[in-house]
Amino acid sequence: MTGKQLSVLEICAGVGGQSLGLEAAGFTHAGAVEIDRTACATLRHNRPKWNVIEGDVRDVRGRDFSGIDLLAGGVSCPPFSVAGKQLGRDDERDLFPEALRLISEARPAAVMLENVRGFATARFSDYRAQILAFLSKLGYSSQWRVLNSSDYGVPQLRPRFVLVALRPRQAERFAWPEFAKCTGTVGQTVGSLMSGRGWSGAPEWAIQASGIAPTIVGGSTRHGGPDLGPTRAKREWRRLGVDGMGIADQPPGPEAPVDGFFPRLTVRMVARLQGFPDSWEVAGGKTAAYRQVANAFPPPVAAAVGSEIGRALAREKTVERRAGQLELAAV
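What counts, and where the lines are drawn
- Residues numbered from 1 in each chain as written.
- Predicted model: local features only at pLDDT ≥ 70, side-chain atom pairs only at ≥ 80, totals over all residues.
- Heavy atoms only, no water.
- Buried < 20%, exposed > 50% of the residue type's maximum accessible area, 1.4 Å probe, protein only.
- Helix = DSSP H or I, 4+ residues; strand = E, 2+ residues; numbered from the N terminus.
- Pairing = 2+ DSSP bridges.
- Right-handed = clockwise from strand over helix to strand, strands pointing away.
- Contact = heavy atoms within 4.5 Å.
- pLDDT = per-residue confidence, 0-100.
- Axes fitted to C-alpha atoms, helices over the stretch in contact; angles between N-to-C directions.
- Parallel < 35°, antiparallel > 145°, perpendicular 65-115°, else oblique.
- Nonpolar A, V, L, I, M, F, W, Y, C, P; charged D, E, K, R; others polar.
- Phe/Tyr/Trp six-rings, centres within 6.5 Å; stacked < 30°, edge-to-face > 60°.
- Lys NZ or Arg CZ within 6 Å of the ring centre and 35° of its normal.

### So, the pairing of strand S1 (residues 6-11)
Here's step 1: Where burial is concerned, most of S1 is hidden: six out of the six residues are buried.
Here's step 2: Side chains Leu6, Val8 and Glu10 project from S1 onto one buried face, and the interleaved Ser7, Leu9 and Ile11 project onto a second face that is buried too.
Here's step 3: Relative to strand S2 (residues 27-34), S1 runs parallel, the two sharing five bridges. Pairing of Glu10 across the sheet is with Ala32, part of S2.
Here's step 4: Regarding topology, helix H1 (residues 17-24) serves as the crossover connection from S1 to the parallel S2, and that connection is right-handed.

### Here's the deal with helix H10 (residues 286-294)
One turn of the α-helix equals 3.6 residues, which is why residues spaced by three or four share an orientation.
Here's step 1: For H10, every residue scored as buried is listed here: Ala289, Tyr290, Arg291, Gln292, Val293 and Ala294.
Here's step 2: In this structure, the buried residues of H10 make contact with helix H2 (37-46) and helix H9 (267-273).

### What to know about the confidence of the model for the chain
Here's step 1: Mean pLDDT over the chain: 88, with 86% of residues reaching 70 or higher.
Here's step 2: Every residue in residues 79-91 is under pLDDT 50, and counting partners more than four places away or in other chains gives 31 contacts.

### A few points about unusual backbone geometry
Excluding glycine, most residues fall at negative phi; most peptide bonds, likewise, are trans.
Here's step 1: Phi is positive for Arg107, which is not a glycine, with a value near 50°.
Here's step 2: Phi is positive for Arg158, which is not a glycine, with a value near 35°.
Here's step 3: Following the sequence through the fold, Arg158 ends up in the loop between strand S6 (141-148) and strand S7 (159-166).
Here's step 4: For Arg158, a relative accessible area of 3% translates into the label buried.

### So, the packing of helix H3 (residues 96-106) against helix H4 (residues 125-137)
Here's step 1: At a minimum axis distance of 11 Å, the contact between H3 and H4 shows a crossing angle of 10°. One element, H3, and the other, H4, form an angle in the roughly parallel class. Contacts between H3 and H4 pair Phe96, Pro97, Leu100, Ile103 and Ser104 from the former with Tyr127, Ile131, Phe134 and Leu135 from the latter.
Here's step 2: Broken down by class, the residue content of the contact of H3 with H4 amounts to eight nonpolar, one polar and no charged.

### Some remarks on the packing of aromatic side chains
Here's step 1: Taken as a whole, this structure holds 11 aromatic pairs when the rule is applied.
Here's step 2: Ring centres 6.0 Å apart and planes at 80° place the aromatic pair Phe119 and Phe161 in the edge-to-face group. Taken together, the residues span a long stretch of sequence, with Phe119 in the loop between strand S5 (110-116) and H4 and Phe161 in strand S7 at a distance of 42 residues.
Here's step 3: Of the residues examined, Phe161 reaches a relative accessible area of 6% and is grouped as buried.
Here's step 4: What links up through ring pairs into an aromatic cluster is the set Phe96, Phe119, Phe124, Tyr127, Trp144 and Phe161.
Here's step 5: Against the face of Tyr140 rests Arg167, its NZ or CZ located 4.1 Å from the ring centre.
Here's step 6: Here Arg238 stacks its cationic end above the ring of Phe262, 3.7 Å away from the centre of that ring.

See below:
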């Protein structure tokens, strides 16, 4: 944390992954905008004092949040996902225009937007250039970077494409966060949960699950129930001793075999693999809860980037405050 509470307007807040990370970095929520009713229930349950705005981001007026320190959000990723048609700006779900509108209206001190790695490909280079040009006209210095969640203590690769924009003087003080020193394996992270109902095979399973997870996939609300992604991802889960064909209601019990048995993960296990604390309770049934968690921006990554933004803003404000004191002394 920076030692000073900073304000954030967060759009597309989802289950609260970015929210939790920014909170840990010292930001308080002036507003958390989310259209999904169940995700809003999750946010309200865990943080009843937050200003959770349930509705379409298109209906939010940036002028109502003028002067905030940060505008952040995980803008809708299907337009850029390699799993989809990659329609980009032609996809009605593309919310970058709305994010830019809010930035132009609220004029925050900083911006942090994240998306899937697919948005970093050459296919969208012109679109990215237009976004940077728009932000430049507003007076921001912006930069993109692909961040692998496993570099920040999250036990899965989960690459995210992150945009940070600051005023030029503050941008000079911003540095991308350094890597975390260690990342636990899948077995180390969820082993205690896997043994929670007395499955005798859990200790051996935890040893076998000695790698980090493939990127957890949330899937579309238009298709089927929860599972751990496409065929290739399921093969990777299999090598870790996990049945990726679905999500379990509870961990295996004492009746489950030891040899040749591949347990399924529960929603709570997936949440741990995303970097959520066990205290964060997710609303809704299994499918709704899984999709909320699986589509989240891992809190440790959001905290790492948010902390660096907070430091840049705090240092800048310190410089401005001292300059003002010198001017008063001179008078």
